[in-house]
Amino acid sequence: MNKTLAKKYLTSINSNKRKYVTCEDLSISFGKFPESIASDLSVFEPLIILDMSLNLKDLVPAIEKYIEEENNKNDNKNKQIIRVYQKDINAFDSIADFVYQKMTYGGTLDRYATLSDKDLKTLKKLIGEEQARRKQKK
């Protein structure tokens, strides 16, 4: 079950004018076999597979809750994208220069230095460029 399919089932159940909607009734308007509908909706009510004459209108709150939870999951995934530009990469001559500038303090290596996400992406780009240069030499 995914969010899109749950929304389709919800709109199909809500658009049906009857007070009591079964899998057979929904199959006519939805265009799927009743057994397929029952297996999809078994996420919300497991007994629907055994008795396809259950009222699907009773499942509306559970389907709405599922859709809301899926929307909240997607909101957490939409985080700010970190971009590394060429000027950030050109600020360093090599990987050793990056390590010296970012991870040393007064000329000594700081073991507890932490790199930000942008620093890590910059380092990744520097490593990629270094590997490309080495391949060209061969």
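In the block above lies the structure referred to throughout.
All values derive from a computational prediction rather than experimental measurement. (Residues numbered from 1 in each chain as written. Predicted model: local features only at pLDDT ≥ 70, side-chain atom pairs only at ≥ 80, totals over all residues. Heavy atoms only, no water.)

Peer 1: So what exactly am I meant to see when it comes to the overall build of the protein here?
Peer 2: Secondary structure assignment for the protein yields seven helices and two strands. Along the protein, from the amino end to the carboxyl end, the secondary structure elements read α-α-α-α-α-α-β-β-α. Taking 2.2 N^0.38 as the reference for a compact globule, 138 residues should give roughly 14 Å; the C-alpha atoms of the protein span a radius of gyration of 28 Å, well beyond that estimate. Its C-alpha atoms give the protein principal-axis dimensions of about 75 × 35 × 25 Å. Per-residue burial over the protein gives 29% buried out of 138 residues. For the protein, the exposed area adds up to about 10,300 Å²; of that, 52% sits on carbon and sulfur atoms. Computing the positive centroid from 25 side-chain charges and the negative centroid from 20, the protein places the two 8 Å apart. (Helix = DSSP H or I, 4+ residues; strand = E, 2+ residues; numbered from the N terminus. Rg over C-alpha atoms; globule rule 2.2 N^0.38 Å. Buried < 20%, exposed > 50% of the residue type's maximum accessible area, 1.4 Å probe, protein only. Areas by Shrake-Rupley, 256 points an atom, 1.4 Å probe, with all protein chains shown as cover. Lys, Arg positive; Asp, Glu negative; His and termini not counted. Charge placed at Lys NZ, Arg CZ, Asp CG, Glu CD.)

Peer 1: Hey, could you run me through the packing of helix H2 (residues 23–30) against helix H3 (residues 34–41) in this one?
Peer 2: The relative placement of two packed helices is expressed as an angle between their axes plus a distance between the axes. In the contact formed by H2 and H3, the axes pass within 8 Å of each other and the chain directions differ by 105°. It follows from the interaxial angle that H2 and H3 lie roughly perpendicular. Here H2 contributes Cys 23, Glu 24, Leu 26, Ser 27 and Phe 30 to the contact with H3, which in turn contributes Pro 34, Ile 37 and Ala 38. Within the contact of H2 with H3, the residues separate by chemical class into six nonpolar, one polar and one charged. (Axes fitted to C-alpha atoms, helices over the stretch in contact; angles between N-to-C directions. Parallel < 35°, antiparallel > 145°, perpendicular 65-115°, else oblique. Contact = heavy atoms within 4.5 Å. Nonpolar A, V, L, I, M, F, W, Y, C, P; charged D, E, K, R; others polar.)

Peer 1: I'm lost on the nonpolar core in this one. Help?
Peer 2: When a protein is soluble and globular, its nonpolar side chains tend to lie buried together. Counting residues in each nonpolar core, the largest one holds 19 residues, and the members touching the most others are Leu 26, Leu 41, Ile 48, Leu 56, Leu 59 and Ile 63. Only helix H1 (3–15), H2, H3 and helix H4 (60–77) provide two or more residues apiece to this core. The element best represented in this core is H1, accounting for five residues. The residues contacting Leu 41, other than those within four sequence positions of it, are Met 1, Tyr 9, Ile 48, Leu 56, Leu 59 and Ile 63. Grouped together as the second largest cluster of nonpolar side chains are six residues, Val 84, Ile 89, Phe 92 and Phe 98 included. (Core = buried A, V, L, I, M, F, W, Y, C linked by side-chain atoms within 4.5 Å.)

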